[in-house]
Amino acid sequence: SKLILVLGHTKCGAMMGATQMMLNAQKSTEASDPAKQTTLEKLLEGLGSVAAQAQQELRPDASADDIAAHTVNVNVFSGMARLLSYSESIREKVKSGEVELHGAVYDIVSGKVTFLGQHPLQMCL
């Protein structure tokens, strides 16, 4: 059968940046001024909810590195969910079994790929 693979990678700078922004925002008492944000900060802001979800899924004393590493996995599943939500053609092909949708993470140090499987929402199609 055909396969769509949503692939993240370890040590992702975007996930670390989003995690740091989210953690800094939690510590700050001031609201962020969008007019003062850099272009990179504006791009990373969209990943803040993924980093926050990753943090919630880990123990309360998880380090920024642990959160960023888990954010990679959460972002893979988030990408899969967006494909299922926003692409009717992909959703219908997954539903019919014509296409399989899986997530995975590529380890940039070892070269190994860890398959995460299907998104839980696929059971509800």
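The structure under discussion appears in the preceding block.
No experiment lies behind these values; they were computed from the predicted model shown. (Residues numbered from 1 in each chain as written. Predicted model: local features only at pLDDT ≥ 70, side-chain atom pairs only at ≥ 80, totals over all residues. Heavy atoms only, no water.)

Enquirer: Any chance you could explain the pairing of strand S3 (residues 113-117) here in plain terms?
Expert: As judged from the 4 bridges shared by strand S2 (residues 99-106) and S3, these two strands associate in the antiparallel manner. Counterpart to Tyr 106 in the pairing with S3 is Val 113. Counting the residues that bridge the hairpin from S2 to S3 gives 6 residues, and of these Gly 111 lies at a positive phi of roughly 85°. (Pairing = 2+ DSSP bridges. Helix = DSSP H or I, 4+ residues; strand = E, 2+ residues; numbered from the N terminus.)

Enquirer: What am I meant to see in unusual backbone geometry here?
Expert: Note on backbone geometry: most residues besides glycine have negative phi, and most peptide bonds are trans. Of note in this structure, Lys 11 is not a glycine but carries a positive phi near 55°. Counting through the fold element by element, Lys 11 comes out in the loop between strand S1 (2-9) and helix H1 (13-27).

Enquirer: Just checking my understanding: could you explain the pattern of salt bridges for this structure?
Expert: Pairing is possible between side chains of opposite charge, provided their charged atoms come close. Enumeration according to the criterion identifies 2 salt bridges in this entry. As a salt-bridge pair, Arg 59 and Asp 61 come within 3.0 Å of each other at their nearest N and O atoms. On the basis of relative accessible area, Asp 61 is assigned to the exposed category, the value being 57%. Asp 66 is the partner of Arg 59 in a salt bridge, and the nearest nitrogen-oxygen pair spans 3.3 Å. Among the charged side chains, a salt-bridge network with shared partners connects Arg 59, Asp 61 and Asp 66. (Salt bridge = Lys/Arg side-chain N within 4 Å of Asp/Glu carboxyl O. Buried < 20%, exposed > 50% of the residue type's maximum accessible area, 1.4 Å probe, protein only.)

Enquirer: How should the sheet that holds S1 be read in this particular structure?
Expert: Within a sheet, each strand pairs with its neighbour through backbone hydrogen bonds, oriented either parallel or antiparallel. Judged by pairing direction, the sheet is mixed, and its 3 strands sit side by side in the order S1-S2-S3 without closing on themselves. Two strands close off the open sheet at either side, each with one partner strand: S1 and S3. Direction aside, the axes of adjacent strands within the sheet are offset by 30° on average. With 8 bridges joining them, S1 and S2 adopt parallel strand pairing. Paired with Leu 3 across the strands is Glu 100, a residue of S2. (Axes fitted to C-alpha atoms, helices over the stretch in contact; angles between N-to-C directions.)

Enquirer: Just to check I follow, could you spell out the nonpolar core for this structure?
Expert: General note: in soluble globular proteins, nonpolar side chains tend to be found buried as a group. Of all hydrophobic cores here, the largest spans 15 residues; its most connected members are Val 94 and Leu 101. When contributions to this core are tallied by element, the ones reaching two or more residues are H1, helix H4 (64-86), helix H5 (88-96) and S2. Ranked by residue count, the leading element in this core is H4, at 4 residues. (Core = buried A, V, L, I, M, F, W, Y, C linked by side-chain atoms within 4.5 Å.)

Enquirer: I'm lost on the packing of H1 against helix H3 (residues 48-57) in this one. Help?
Expert: Helix-helix packing is characterised by the crossing angle of the two axes and by the distance between the axes. Put simply, H1 and H3 touch, their axes get as near as 8 Å, and they point 75° apart. In terms of their interaxial angle, H1 and H3 are classed as roughly perpendicular. Listed contacts from H3 to Ala 18, Thr 19, Met 22, Leu 23 and Gln 26 of H1 are Gly 48, Ala 51, Ala 52 and Gln 55. (Parallel < 35°, antiparallel > 145°, perpendicular 65-115°, else oblique. Contact = heavy atoms within 4.5 Å.)

Read these as geometric descriptors, not functional statements.
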